[in-house]
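Each chain, written out:
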Amino acid sequence: MLVSSPAGAGKTSLSRRLVADYGSMILSISATTRAPRPGEEEGREYFFKTRPEFEAMIEGGELLEWAEVNGHLYGTPKGPVLAALEAGKDVMFDIDWQGARQIAEKQPDDSVRIFVLPPSWADLSRRLHARAQDSIQVINQRLALGKREITHWNEYDYVIVNKDFDRAYADLIHIYRSERMKPVRNPWLPPFVQDLLDEKI
Ligand code: 5GP
C-alpha cells in the first residue's frame, strides 16, 4: 500500500499505526539525503545517507524507486521490500507522488494507492507549526510543496480526509482489509475452493 499526502496531513502516523496493529504488514524504511530532524533515529524514520552514498545506491540498482523532494533525495531500498513480499507480507510505503507512481507502474496489479488530505489548509499549517520540528522558513517550503503534492490526488485509488485521526485510521483499516480479501491476493483460495467442490454432498 502506498500512502502519500502533503506533510502534516497525518500519513506517517496513519501508516505506522497500521503496521503496528497488523503483523501481516511491514513498513518500508526509505533512504534520504536530508538531515535527521530532532527525535528521528537512523533506521527508524529513515536511513540517513550522504549524497554520494545515495548516488552509489542508485548506481548499484539498490533502489526500487527514488525521487528528489524539496532538494533532497529519497528512495526505497529494494532488498527489504522483496524479502517481505517473498515472506508473504504486505508492504506499506510512506512516499511522495513520484515514488507512488513509479511503484504503481512497476506493480500495477499489486499496488494500492491512498492519498491523505487535510481537512483544511489552516489545519495543515497549524499541525506543521505545532510539531515545532522545523523553522518557519522550512515550514513554508513544506506547505508550498504540499500544494504541489495535492495536485496529484486524482492518481490514487482511495482518498482519506484526515479530519479526525481515529476515523481516518478506521478508513485505512477498511481499505486494507478489503484489498486483502481480493482473490488475486489470496493464492490459497483456488485449492481451498477446489477442496470444497470435491467434497461429497
Ligand atoms: P519528509 O522529509 O517530510 O520526511 O518527507 C518528505 C516527502 O518525501 C514526503 O512526502 C515523503 O512521503 C516523501 N518520501 C519519503 N520517503 C520516500 C521515498 O522513499 N521515495 C519517495 N519518492 N518519496 C519519499
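Residues numbered from 1 in each chain as written. Predicted model: local features only at pLDDT ≥ 70, side-chain atom pairs only at ≥ 80, totals over all residues. Heavy atoms only, no water.

Undergrad: Explain the layout of surface pockets to me, and be specific about the residues and the numbers.
TA: Of the volumes computed, that of the largest pocket is approximately 1000 Å³. As for the largest pocket, its lining consists of 44 residues, of which Lys11, Arg34, Arg37, Tyr46 and Arg142 are closest to the centre. If you list the elements that add at least two residues to the lining of the largest pocket, you get α1 (11-21), β5 (63-69), β6 (72-77), α5 (121-131) and α6 (136-150). Here the lining of the largest pocket takes 6 residues from α6, the largest share from any one element. (1 Å grid on protein atoms, 1.4 Å probe; cavity = no way out; pocket = protein on both sides within 12 Å on 5 of 7 lines; lining within 4 Å. Points joined across faces, edges and corners; volume = space filled by probe spheres on them. Helix = DSSP H or I, 4+ residues; strand = E, 2+ residues; numbered from the N terminus.)

Undergrad: Provide a residue-level description of the pairing of β5, including the pertinent values.
TA: Extensive coverage of β5 is indicated by the burial of 5 of its 7 residues. Direction of pairing for β5 relative to β6: antiparallel, over a ladder of 6 bridges. Within β6, the position partnered with alanine 67 by the bridge is tyrosine 74. (Buried < 20%, exposed > 50% of the residue type's maximum accessible area, 1.4 Å probe, protein only. Pairing = 2+ DSSP bridges.)

Undergrad: Explain the packing of α1 against helix α7 (residues 165-180) residue by residue, including any values.
TA: Close contact between α1 and α7 brings their axes to 10 Å; oriented N to C, the two are set at 55°. Considered as vectors, α1 and α7 are oriented oblique to each other. When the axes of α1 and α7 are compared, the crossing they make is right-handed. Where α1 abuts α7, its residues Ser13, Leu14, Ser15, Arg17, Leu18 and Asp21 lie against Phe165, Ala168, Tyr169, Leu172, Ile173 and Tyr176. Residues belonging to the contact of α1 with α7 are distributed by class as follows: 8 nonpolar, 2 polar and 2 charged. (Axes fitted to C-alpha atoms, helices over the stretch in contact; angles between N-to-C directions. Parallel < 35°, antiparallel > 145°, perpendicular 65-115°, else oblique. Left-handed = near helix turned anticlockwise from the far one by under 90°. Contact = heavy atoms within 4.5 Å. Nonpolar A, V, L, I, M, F, W, Y, C, P; charged D, E, K, R; others polar.)

Undergrad: Describe the packing of α5 against α6, with residues and values.
TA: For the pair α5 and α6, the least separation of the axes is 10 Å and the interaxial angle reads 145°. For the pair α5 and α6, the sense of crossing is right-handed. Along its contact with α5, which presents Trp121, Leu124, Ser125, Leu128, His129 and Arg131, the element α6 presents Ile136, Ile139, Arg142, Leu143, Gly146, Lys147 and Ile150. For the contact of α5 with α6, the per-class residue count stands at 7 nonpolar, 3 polar and 3 charged.

Undergrad: Let's hear about the site of the ligand: which residues, and what values?
TA: Around the ligand lies a shell of 16 residues, among which Ser30, Arg34, Tyr46, Tyr74 and Arg142 are the nearest. Contacts to the ligand include arginine 34, whose side-chain N or O atom sits 2.6 Å from an oxygen atom. Taking 510 Å² as the accessible area of the ligand by itself, protein coverage stands at 92%. With respect to the pocket detection grid, the ligand is positioned in the largest pocket. Sorting the residues of the shell around the ligand by element identifies β5 and β6 as the ones contributing at least two each. (Near = heavy atom within 4 Å. Polar contact = N/O pair within 3.5 Å; in protein donor to acceptor, adjacent residues only side chain to side chain. Areas by Shrake-Rupley, 256 points an atom, 1.4 Å probe, with all protein chains shown as cover. Sits in = over half its atoms within 2 Å of the grid points.)

Undergrad: Now, about the packing of aromatic side chains: what can you tell me, with residues and values included?
TA: Given two aromatic rings, their pairing is described by the distance between the two centres and the angle made by the two planes. Considering all chains together, one arrives at 6 aromatic pairs under this definition. Where phenylalanine 165 meets tyrosine 169, the ring centres are 6.2 Å apart and the plane angle is 5°; that geometry is what we call stacked. With a gap of 4 residues between them, phenylalanine 165 and tyrosine 169 both fall in helix α7, about one helical turn apart. In this structure tyrosine 169 comes out as buried when scored by relative accessible area, which is 5%. A cation over an aromatic ring shows up here: arginine 113 above the ring of tyrosine 156, its NZ or CZ 5.9 Å from the ring centre. (Phe/Tyr/Trp six-rings, centres within 6.5 Å; stacked < 30°, edge-to-face > 60°. Lys NZ or Arg CZ within 6 Å of the ring centre and 35° of its normal.)

Undergrad: Hey, could you go over a nonpolar patch on the surface for me, with residue numbers and the actual values?
TA: Residues Trp188, Phe192, Val193, Leu196 and Leu197 make up a contiguous nonpolar surface patch of roughly 520 Å² in combined accessible area. Within the secondary structure, valine 193 is located in helix α8 (residues 189-198). Overall, valine 193 belongs to the partly exposed group, its relative accessible area being 34%. (Patch = residues over 30% accessible without salt bridge, like charges linked within 9 Å, V, L, I, M, F, W, Y side chains within 5 Å. Salt bridge = Lys/Arg side-chain N within 4 Å of Asp/Glu carboxyl O.)

Undergrad: Could you give an account of the nonpolar core, naming the residues involved and the relevant values?
TA: Side chains that are nonpolar tend, in soluble globular proteins, to be buried together. Membership of the largest hydrophobic core comes to 26 residues, with the highest contact counts inside it found for Met1, Leu18, Met25, Met92, Ile114, Tyr169 and Leu172. At the level of elements, α1, β2 (25-27), β8 (113-117), α5, α6 and α7 are the ones that each hand at least two residues to this core. A total of 6 residues in this core trace back to one element, the largest contributor, which is α7. Contact partners of methionine 25, with chain neighbours within four places excluded, come to Met1, Leu18, Val19, Asp90, Val91, Met92 and Tyr176. (Core = buried A, V, L, I, M, F, W, Y, C linked by side-chain atoms within 4.5 Å.)

Undergrad: If you had to explain the pattern of salt bridges to someone new, which residues and values would you point to?
TA: Inspection of every chain in the model, using the stated rule, returns 14 salt bridges. Between lysine 11 and aspartate 94 there is a salt bridge whose closest N-O contact spans 3.9 Å. Taken as a pair, lysine 11 in helix α1 and aspartate 94 in strand β7 (residues 90-94) lie far apart in primary sequence, 83 residues in all. On the basis of relative accessible area, lysine 11 is assigned to the buried category, the value being 13%. Via salt bridges that share partners, Asp110, Glu179, Lys182 and Arg185 belong to a single interconnected network.

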